[in-house]
Amino acid sequence: MCRHRGARICVDEAGSVKRAFQCPYHAWTYALDGNLIAAPDLTSMPDVDRVAYGLAEVHLREWLGYAWVNLADDPPSFEDDVLSAVTERLGTLEGIDGYEIDRLSVGKRIVYDVKANWKLIIENFMECYHFATIHPELTEVLPEFADGYAAQYYVGHGAEFGDEVRGFTVDGSEGFEKLPALEEDRDRKYYAITVKPQVFINLVPDHVIVHRMYPLAADRTVVECDWLCAKEVVDTGRDVSRSVELFHRVNEQDFEACERCQPAMSSRAYAHGGVLVPSEHHIGGFHVWLVRKLESAD
Ligand code: FES
Ligand SMILES: [Fe+2]
């Protein structure tokens, strides 16, 4: 955001910049450290201090090849808030290392515009009770999910591929080679991690699926989903469509379910909420987390 009159400075999805960002409105120019370095007639504007009108700083960490931004002045610890989600799910933080996610390439990105609140999407992602009803392809590949087994609840548990399944693809056919640094016991298993409040990480032996949620309104969330594959897979133009199609269908099935629930969120008949069945009890932990965050918010 430009410090002059608030224009958005960079509108490109991707690219590179050599020495400076220049605002397309009145050409204020900022160095890569955010300092204001040039503006038309800057020398004749004593009120415009180059440091005071530099770009606003945000807290930033790089992890898994993504930039993790926190807009709070005093952000919570990245270790406690983000990395702990991996430890809680996999048992150890190192459990995610074998996928070498920061070395993978984007095989496919799909953006979904979901007419539902982000919390419905989290709740949906946390439970498997709905799998037998709405995810026929996924339960073919991961048969234990058909029993509504709460895979995210048991630390270290990965959902096992079915006996006949050769890969995490829409028809259970062969996927790609196992990611090279992955431990043998991770082969043929699926793990899902919820990094509250906005990110889901899905781990399978030959690729990784990352969801990032952007809440835009009380009843609208944009979800960007990346299918990350080994660099050679992407560089050599191998067909990723069967791998992508499996979770793309899961996404569409899930988001449709969330959209089906959204209207009830403002209904008097649902004012006191619903009920969590035993395989959904852990969602209560998300509710407690949320209430605490809201209570501690200014
Ligand atoms: S708004 Fe950016 S230079 Fe004026
Ligand atoms: Fe689902």
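Residues numbered from 1 in each chain as written. Chains lettered and ligands numbered in written order. Predicted model: local features only at pLDDT ≥ 70, side-chain atom pairs only at ≥ 80, totals over all residues. Heavy atoms only, no water.

**Digging into the domain arrangement of the chain**
So, point 1. Its domain assignment divides the chain into domain 1 (1-56) and domain 2 (101-297).
So, point 2. Computed from C-alpha atoms alone, the centre-to-centre distance between domain 1 and domain 2 is 39 Å. (Domains from an automatic or database assignment.)

**A word on the pattern of salt bridges**
So, point 1. Applying the stated criterion across every chain, the model contains 14 salt bridges.
So, point 2. Here R109 makes a salt bridge to D226, at a shortest N to O gap of 2.6 Å. Placement of the pair is R109 in strand 6 (residues 105-114) and D226 in strand 11 (residues 220-229), with a sequence separation of 117 residues.
So, point 3. What makes R109 partly exposed here is its relative accessible area of 39%.
So, point 4. The class of D226 is buried, set by a relative accessible area of 0%. (Salt bridge = Lys/Arg side-chain N within 4 Å of Asp/Glu carboxyl O. Helix = DSSP H or I, 4+ residues; strand = E, 2+ residues; numbered from the N terminus. Buried < 20%, exposed > 50% of the residue type's maximum accessible area, 1.4 Å probe, protein only.)

**Observations concerning the sheet that holds strand 7 (residues 159-160)**
So, point 1. Spatial ordering of the open sheet is given by 6-11-10-9-8-7, a layout of six strands whose pairing is antiparallel. Each edge of the open sheet is held by one strand with a lone partner, namely strand 6 and strand 7.
So, point 2. Examined bridge by bridge, strand 6 and strand 11 share nine bridges and lie antiparallel to one another. Counterpart to Y112 in the pairing with strand 11 is V223.
So, point 3. Each of strand 8 (189-195) and strand 9 (199-204) is contacted by helix 1 (residues 78-90), which is oriented at about 145° to strand 8, the strand it contacts most.
So, point 4. Those strands touched by helix 2 (residues 118-126) are strand 6, strand 8, strand 9, strand 10 (207-217) and strand 11, and its axis lies near 150° from that of strand 8. (Pairing = 2+ DSSP bridges. Contact = heavy atoms within 4.5 Å. Axes fitted to C-alpha atoms, helices over the stretch in contact; angles between N-to-C directions.)

**What to know about the coordination of the iron ion (ligand 2)**
So, point 1. Within the protein, the atoms that donate to the iron ion (ligand 2) are H130 (NE2), H135 (NE2), D254 (OD) and D254 (OD), at distances of 2.0 to 2.6 Å.
So, point 2. Coordination at the iron ion (ligand 2) comes from four donor atoms whose angles at the metal span 54 to 145°, giving a geometry best classed as irregular.
So, point 3. Sequence spacing of the donor residues for the iron ion (ligand 2), all on one chain, is H-x4-H-x118-D. Pair noted here: H135 is in the loop between helix 3 (131-134) and helix 4 (136-141) and D254 is in helix 6 (residues 241-261), with a separation of 119 residues, a long-range link. (Donors = N, O, S within 2.8 Å, 3.2 Å for Na, K, Ca; no water. Tetrahedral: all angles 85-135°; square planar, octahedral: opposite > 155°, others 65-115°.)

**Brief notes about helix 7 (residues 283-296)**
So, point 1. Compared with the 20 Å implied by 1.5 Å per residue over 14 residues, the 20 Å span of helix 7 between its first and last C-alpha is a close match.
So, point 2. For helix 7, the full list of buried residues reads I283, F286, W289 and L290. Looking down the long axis of helix 7, one finds its buried residues gathered within 110° of arc, a one-sided arrangement. Of the exposed residues in helix 7, the ones pointing more than 90 degrees away from its buried face are R292, E295 and S296.
So, point 3. Looking at the buried side of helix 7, the elements it contacts are helix 2. (Expected span 1.5 Å × (residues − 1). Arc of directions from axis to C-beta.)

**Here's the deal with the nonpolar core**
So, point 1. Counting 70 residues, the largest nonpolar core has F168, Y190, I201, L203 and V208 as its most contacted members.
So, point 2. Setting aside anything within four residues of it in sequence, one finds F168 in contact with L138, V141, L142, F161, Y190, V204, H207, I209, S243, L246 and F247.
So, point 3. One finds A7, C23, W28 and A39 within the second-largest nonpolar core, a separate group that totals 10 residues. (Core = buried A, V, L, I, M, F, W, Y, C linked by side-chain atoms within 4.5 Å.)

**Re the sheet that holds strand 1 (residues 20-22)**
So, point 1. A sheet is described by the order of its strands in space; here three strands give the open sequence 1-2-3, paired in antiparallel fashion. Each end of this open sheet is capped by a strand with a single partner; those strands are strand 1 and strand 3 (36-38). In this sheet, neighbouring strand axes are inclined to one another by 35° on average, regardless of whether the strands run parallel or antiparallel.
So, point 2. Judged from the two bridges that link them, strand 2 (residues 29-31) and strand 3 form a sheet pairing that is antiparallel. Each bridged residue has a counterpart across the sheet, and for Y30 the counterpart in strand 3 is L36.

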